[in-house]
Each structure stands twice: as structure tokens, then as C-alpha cells.
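Summary of structural features
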Amino acid sequence: MSLQIQIMDAIKNAMKAKDTVALEALRAVKSELLLAQTSGAQEALQEEEEIKILQKLVKQRKDSAAIFNEKGRADLADPELAQAKIIETFLPEQLSVEKVEEIVAKIIAEGSFEGMGSMGQVMGLASKELAGKTDGKTISTIVKALLSK
């Protein structure tokens, strides 16, 4: 079942349950998917593109919640985190930090990369292999840590 159909089903369920937070999050996802679909030349979005859109939406909400918490506005941060949690249910299962570290270490060993000068190459390979399984910030942090040893 495509992501758009899953989102539409979830919107219907949220409407029936009168869950306004879920409804707002799901409508945002639907809107982003439609915008991406109409802006591109192809008929349907690829699964990788859908995952990137979902990750972007989750990141936006978590960043907003962090800013709200810094300003002491938990009343605004809580709905953002709730929406992020709802959107995350449509993402593939995220890898643990240890598993990501293991994969990045393998990429560094196979390519014989050394020093921070090769960070771009390692990031490119790691991002391609870990697409949709973890966020870029986690990958970047681990790559920096492993290359600086």
C-alpha cells in the first residue's frame, strides 16, 4: 500500500476519533507529498523521496519543539513533539546509534579513509547506505568521531 493511501486512511481514522493533533500532522504530510508530486515531472513519488519528506517534517517539528522549550513554552512544544511522533510511525524503523556506528566504521575501513579531509566522501557513502534509516545529524556526528581518532 502506498504512503499516500496510508496517510488518507490515517486521516479518516483521526477524523473519526476527533484527534486534532494527529489530523494536523497527517494533513501536513499529505500537503507536502502533494506539493512534491506536482512539482516533479514524474507521476508518482519514489519511496526514497517519500521517506525524505517524512524525515524533513519530523526534523522541523523537533527543531520547533526545541526552540519552544528553550523559550519556556512547553505548551507549544508538546503538540510539536506529538506530531513528530505521529509522522515517525510512517517511517521505516530507525537504526540504533551502535548499528549506525558499526556501518560507518565498515565504510571507513573498506575505503581506507583517514582524517577529516575524507569526511565528505564518507558522508556521501554513509548517507546513501543509511537513507531513511537514521538522520543526517547522527551520521555526521559518528563520521566526525570515527575520522578524528
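Just so it is clear, the model here is predicted, and its values are computed rather than measured.

**Describing the layout of surface pockets**
The volume enclosed by the largest pocket comes to roughly 730 Å³. What lines the largest pocket is a set of 26 residues, and nearest its centre among them are Gln55, Gln94, Thr134, Asp135 and Gly136. Contributions of two or more residues to the lining of the largest pocket are made by helix H3 (47–70) and helix H7 (136–147). Broken down by element, the residue count for the lining of the largest pocket peaks at 10 residues, all from H3. Class assignment of the residues belonging to the lining of the largest pocket gives a composition of 7 nonpolar, 7 polar and 12 charged.

**Examining the environment of Met123**
Looking at the element boundaries, Met123 is found in helix H6 (residues 119–129). Overall, Met123 belongs to the buried group, its relative accessible area being 18%. Residues Met123 and Glu88 lie 35 residues apart in sequence; the distance between their C-alpha atoms is 23 Å.

**Some details on H6**
In an α-helix, one turn spans 3.6 residues, which is why side chains three or four residues apart end up on the same side. When we look at burial in H6, the residues that qualify are Met119, Val122, Met123 and Ala126. Seen along its axis, H6 keeps its buried residues to an arc of 100°; they face one direction. Counted as exposed and oriented over 90 degrees from the buried face of H6: Gly120, Gln121 and Lys128. Packed against the buried residues of H6 are helix H5 (97–111) and H7.

What counts, and where the lines are drawn
- Residues numbered from 1 in each chain as written.
- Predicted model: local features only at pLDDT ≥ 70, side-chain atom pairs only at ≥ 80, totals over all residues.
- Heavy atoms only, no water.
- 1 Å grid on protein atoms, 1.4 Å probe; cavity = no way out; pocket = protein on both sides within 12 Å on 5 of 7 lines; lining within 4 Å.
- Points joined across faces, edges and corners; volume = space filled by probe spheres on them.
- Helix = DSSP H or I, 4+ residues; strand = E, 2+ residues; numbered from the N terminus.
- Nonpolar A, V, L, I, M, F, W, Y, C, P; charged D, E, K, R; others polar.
- Buried < 20%, exposed > 50% of the residue type's maximum accessible area, 1.4 Å probe, protein only.
- Arc of directions from axis to C-beta.
- Contact = heavy atoms within 4.5 Å.

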